[in-house]
Amino acid sequence: MIDRQAVQAAVKEAAAEHGGRLPCAVAQELARRLQVPMREVGRAADDLKIKIIQCQLGCFE
């Protein structure tokens, strides 16, 4: 079961360390560390209105 509050807290903390935005590589590392699908990290960022930047696929430029 996914602890969405823990994911949101981790996303919020990581974004605070990067000027309020979340680099894609950091989002991927969070997903690995929290053992959740990348989609959950993206959902948390959306819910928190945090922009994902520096996407390796060019999706969030």
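These notes cover the structure that comes with them. (Residues numbered from 1 in each chain as written. Predicted model: local features only at pLDDT ≥ 70, side-chain atom pairs only at ≥ 80, totals over all residues. Heavy atoms only, no water.)

## A look at the overall build of the chain
Of the regular secondary structure elements, the chain holds three helices and two strands. Seen in sequence order, the chain has helices and strands lined up from the N terminus as α-β-α-α-β. Compactness check: the chain gives a C-alpha radius of gyration of 10 Å against a globular reference of 10 Å for 61 residues, within 12% of the reference. Taken along the three principal axes of its C-alpha coordinates, the chain extends 30 × 20 × 15 Å. Each of the 61 residues in the chain was classed as buried or not, and the buried ones make up 34%. Taking all contacts inside the chain whose residues are at least 6 apart in sequence as the whole, residues at least 24 apart take part in 58%. Put simply, the chain shows about 4,300 Å² of open surface, and 50% of that area lies on carbon and sulfur atoms. (Helix = DSSP H or I, 4+ residues; strand = E, 2+ residues; numbered from the N terminus. Rg over C-alpha atoms; globule rule 2.2 N^0.38 Å. Buried < 20%, exposed > 50% of the residue type's maximum accessible area, 1.4 Å probe, protein only. Contact = heavy atoms within 4.5 Å. Areas by Shrake-Rupley, 256 points an atom, 1.4 Å probe, with all protein chains shown as cover.)

## Describing the pattern of salt bridges
Throughout the structure, instances matching the rule amount to three salt bridges. With a closest N to O distance of 3.5 Å, arginine 32 and glutamate 29 form a salt bridge. In this pair, arginine 32 and glutamate 29 are both assigned in helix α2 (residues 24–34), three residues apart and thus about one turn of the helix distant. Overall, glutamate 29 belongs to the partly exposed group, its relative accessible area being 40%. A salt bridge links glutamate 40 to arginine 43, with the nearest nitrogen and oxygen atoms 2.6 Å apart. Taken together, the residues glutamate 40 and arginine 43, both in helix α3 (residues 38–47) and three residues apart, mark about one turn of the helix. Through salt bridges with shared partners, a single network forms among Arg4, Glu40 and Arg43. (Salt bridge = Lys/Arg side-chain N within 4 Å of Asp/Glu carboxyl O.)

## Section: the nonpolar core
By size, the foremost hydrophobic cluster in this structure holds 17 residues, and its most contacted members are Val7, Val11, Leu22, Leu30, Val41 and Ile50. If you list the elements that add at least two residues to this core, you get α1 (4–16), α2 and α3. Among the elements that line this core, the one with the most residues is α1, at five residues. Those residues within four positions of leucine 30 in sequence are excluded, and the remaining contacts are Ala10, Val11, Ala14, Leu22 and Val41. (Core = buried A, V, L, I, M, F, W, Y, C linked by side-chain atoms within 4.5 Å.)

Function-wise, these values are silent; they only describe arrangement.
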